[in-house]
Amino acid sequence: MPGRAEEISAPQAGVVAQKRLWGYCLQLSIQRLGHPHRNGEITQNPAFLSLSSALLEVSRFIYLGFFCHILKAENAKVKSWADAFGGELYSIVTKYSGSLLLQKKYKDVEPTLKIKEVDGLELVKKFSEQMESMLRRKVEAVERLVEAAEDADLNHEYNSSLEFDYYNSLLINEKDENDNYVELGDEFILEPNEHFNNLLVNTTYSDIQLPTNVYNKDPDILNGVYMSEALNPIFVDNFERDPTLTWQYFGSSTGFFRLYPGIKWLPDENGVISFDCRNRGWYIQAATSPKDIVIIVDVSGSMKGLRMTIAKHTIITILDTLGENDFVNIIAYNDYVHFIEPCFKGILVQADRDNREHFKQLVDELQAKGVGTVNKALTESFKILREFRDAGQGGLCNQAIMLITDGAVEDYEAVFEKYNWPDRKVRVFTYLIGREVTFAPNVKWIACNNKGYYTQISTLADVQENVMEYLHVLSRPMVINHDHDIIWTEAYMDSALFASQAQSLLLMTTVAMPVFSKKNETRSHGILLGVVGSDVPLRELLKLAPRGTHYTAVFLAKALIILKPLSLAGCPWICLSEHQQWLHPFPPRPPSFGMYSCEFENLCLLRNSGFQG
């Protein structure tokens, strides 16, 4: 109303008072405290700055005082809001959580309950001892298989004209149009077994699986299968001694796979069996030591067409023989040298699954053009391997260069003299692509003078067998020394072994050992007969974990770390790494639980320094 002061709230009054003080400061600024204009600009007076700053501070205190007054006035209202919200939240939680029912059930059994103090350290120690005992039984079973296989080979005389029928897992129980069993397909009794996920198996006998590209009547196959028949009673005896054992097997270097218990193997939708035991992680890790590999591929114009297709397949097959303990890179060359992944230029990367798949995609995009100059690619490869060797990085064991080309116009002796001779620390394996043999002598000379292996690949069907030869060469020092190292694979899901069977995927680890020839006449040649192994599902380890805890997964990871290294004879890569997938009942991403997240990666260091659980 006119003539009356407008009623305002306390916060508004504070704002008005502050605005008035700011206005007074502005007036003082306009007067400039006696300072004239200089070139059209207003100069700053130190006295004015001090006075205006003080007045601004006073205005802030006035506003703060009014604000605190309002807070006190509004406190009661805010508290009532909080009480109402809390009451509503408690009502909803009580209704849907079932807490009242839980309290009632607890009161019903309360008289029979008691609190028992548990020694956590003793609990973990007991779990560790039980797990060590179980894993030791697996190792002993594998050791018995190794001994039986080597003794059987020692007593076996190779017969190139051997006639021998065996149970072929693809052909068993198959009949022809006359209702007669087909060759290698005799009657083989199969029954469901709960221990093997209700698969149809034969627990009294093993059978033989071969990839489609391996001839089932080849003399090497027949002699190997005949020799390995001696493993059947050992399979059965191992299973009787330890009923928790699952699959036991022998993977031969010739390509056949003896599996116990025997099963019926089904081909894929194309009628092909692509499974090759020699490409499995457990076989590769047991057959060779960690390795650093640089793959050099010729992408010059002469490699167009089928040659380029064969070269790509050769690279992919080499990548499939690498595992978590290996390091790799790929260099393509024509007029110039380039790393197929620029981000990996000048280094080696771990050959884990992600990197291998990434390399495969890049290899598929390679195109042939230009003129090939391999000497620069060789020089770059030797430099990378030397840098990693001198820095103590990579696999710290074998180093090799894989040269894939359709010919070499010279032997590049100068490069080898500068970077690899006389020590020859890097082996060079050469793969001559195509049927042309004009430059074959140079390609062969490169391999033979650098402790490698030369092979010619003319068709896609030749790739698998020819690539596998390099594994035999790299395994020779270990075979000659008869180093029966026990290896444990990282945890994995075997989606390939029983892809054709109605079996849920199981998280597992594999214990494996190499099998060598002990014959005196071939001992110095370093002949690898194959690898024996046994799967250990992670669920068997979980069964040993103490009950009554929601943290079995955490407990398992901890207990695995404190196992004595003797039981694993190596780094216990049983838990999944953080970059790998965890399955139910584990959480999607493992929580950070102490040693696992940071110290698990250093278990090798702990083992080598005498770490004891």
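Figured I'd write up the structure that's included with this text. (Residues numbered from 1 in each chain as written. Predicted model: local features only at pLDDT ≥ 70, side-chain atom pairs only at ≥ 80, totals over all residues. Heavy atoms only, no water.)

1. Here's the deal with the sheet that holds strand S6 (residues 262-263)
Then step 1. If you trace the three strands from one edge of the open sheet to the other, you get S1-S2-S6, paired in antiparallel fashion. Bordering the open sheet on either side are strand S1 (191-193) and S6, each of which pairs with just one other strand.
Then step 2. Bridge analysis of S1 against strand S2 (residues 199-202) gives three bridges, and the strand direction is antiparallel. Within the sheet, the bridge partner assigned to Glu191 lies in S2 and is Val201. (Pairing = 2+ DSSP bridges. Helix = DSSP H or I, 4+ residues; strand = E, 2+ residues; numbered from the N terminus.)

2. Observations regarding the packing of helix H4 (residues 120-154) against helix H6 (residues 232-241)
Then step 1. For the pair H4 and H6, interaxial distance at closest approach is 10 Å and the crossing angle is 165°. Here H6 runs roughly antiparallel to H4, going by the angle between their axes. For the crossing formed where H4 meets H6, the hand is right-handed. The segment H4 lies against H6, with Ala141, Arg144, Leu145 and Ala148 engaging Ile234, Phe235, Asn238 and Arg241.
Then step 2. Of the residues that constitute the contact of H4 with H6, the class distribution is five nonpolar, one polar and two charged. (Axes fitted to C-alpha atoms, helices over the stretch in contact; angles between N-to-C directions. Parallel < 35°, antiparallel > 145°, perpendicular 65-115°, else oblique. Left-handed = near helix turned anticlockwise from the far one by under 90°. Contact = heavy atoms within 4.5 Å. Nonpolar A, V, L, I, M, F, W, Y, C, P; charged D, E, K, R; others polar.)

3. Brief notes about the nonpolar core
Then step 1. In terms of nonpolar packing, the biggest core is built from 67 residues, with Tyr166, Trp247, Phe257, Trp282 and Val532 touching the most fellow members.
Then step 2. The biggest single contributor to this core is H4, with 11 residues.
Then step 3. In terms of nonpolar packing, the next biggest core, distinct from the first, is built from 38 residues, Met303, Met308, Phe344 and Ile457 among them. (Core = buried A, V, L, I, M, F, W, Y, C linked by side-chain atoms within 4.5 Å. Buried < 20%, exposed > 50% of the residue type's maximum accessible area, 1.4 Å probe, protein only.)

4. Some words on the packing of aromatic side chains
Then step 1. Enumeration over the complete set of coordinates arrives at 23 aromatic pairs.
Then step 2. Consider the rings of Phe416 and Trp445, whose centres lie 6.5 Å apart with planes at 50°: the pair is tilted. With a gap of 29 residues between them, Phe416 in helix H11 (residues 413-419) and Trp445 in helix H12 (residues 440-448) connect regions that are remote in the sequence.
Then step 3. For Trp445, a relative accessible area of 25% gives the class partly exposed.
Then step 4. Aromatic rings pair up to connect Tyr249, Phe257, Trp265, Phe275, Trp282 and Tyr283 into one cluster.
Then step 5. The ring of Tyr181 has Lys175 lying over it, and the distance from NZ or CZ to the ring centre is 4.9 Å. (Phe/Tyr/Trp six-rings, centres within 6.5 Å; stacked < 30°, edge-to-face > 60°. Lys NZ or Arg CZ within 6 Å of the ring centre and 35° of its normal.)

5. Re the pattern of salt bridges
When the charged atoms of two side chains with opposite charge come close together, those side chains can pair.
Then step 1. This structure, assessed with the given rule, holds 18 salt bridges.
Then step 2. Across the pair Glu229 and Arg258 runs a salt bridge, and its minimum N-O distance is 2.8 Å. With Glu229 in the loop between helix H5 (219-228) and H6 and Arg258 in strand S5 (residues 257-260), the pair connects residues that are 29 residues apart, well separated along the chain.
Then step 3. Between Asp406 and Arg307 there is a salt bridge whose closest N-O contact spans 2.9 Å. Of this pair, Asp406 sits in the loop between strand S11 (398-405) and H11 while Arg307 sits in helix H8 (residues 306-320), and the two are 99 residues apart along the sequence.
Then step 4. Among the charged side chains, a salt-bridge network with shared partners connects Arg137, Lys138 and Asp242. (Salt bridge = Lys/Arg side-chain N within 4 Å of Asp/Glu carboxyl O.)

6. Brief notes about unusual backbone geometry
Then step 1. Here the amide bond leading from Tyr260 into Pro261 is cis, since omega sits at -5°, within 30 degrees of zero.
Then step 2. Along the chain, Pro261 turns up in the loop between S5 and S6.
Then step 3. Following Trp421, the chain continues into Pro422 via a peptide bond in cis, with omega recorded as 0°.
Then step 4. When you line up the elements, Pro422 lands in the loop between H11 and strand S12 (427-433).
Then step 5. One non-glycine residue, Asp179, lies in positive phi territory at about 65°.
Then step 6. Of note, Asp179 is situated in the loop between H4 and S1.
Then step 7. In the Ramachandran plot, Arg424 falls in the positive-phi region, its phi being about 55° despite a non-glycine side chain.

Any functional reading would require information that these geometric values do not contain.
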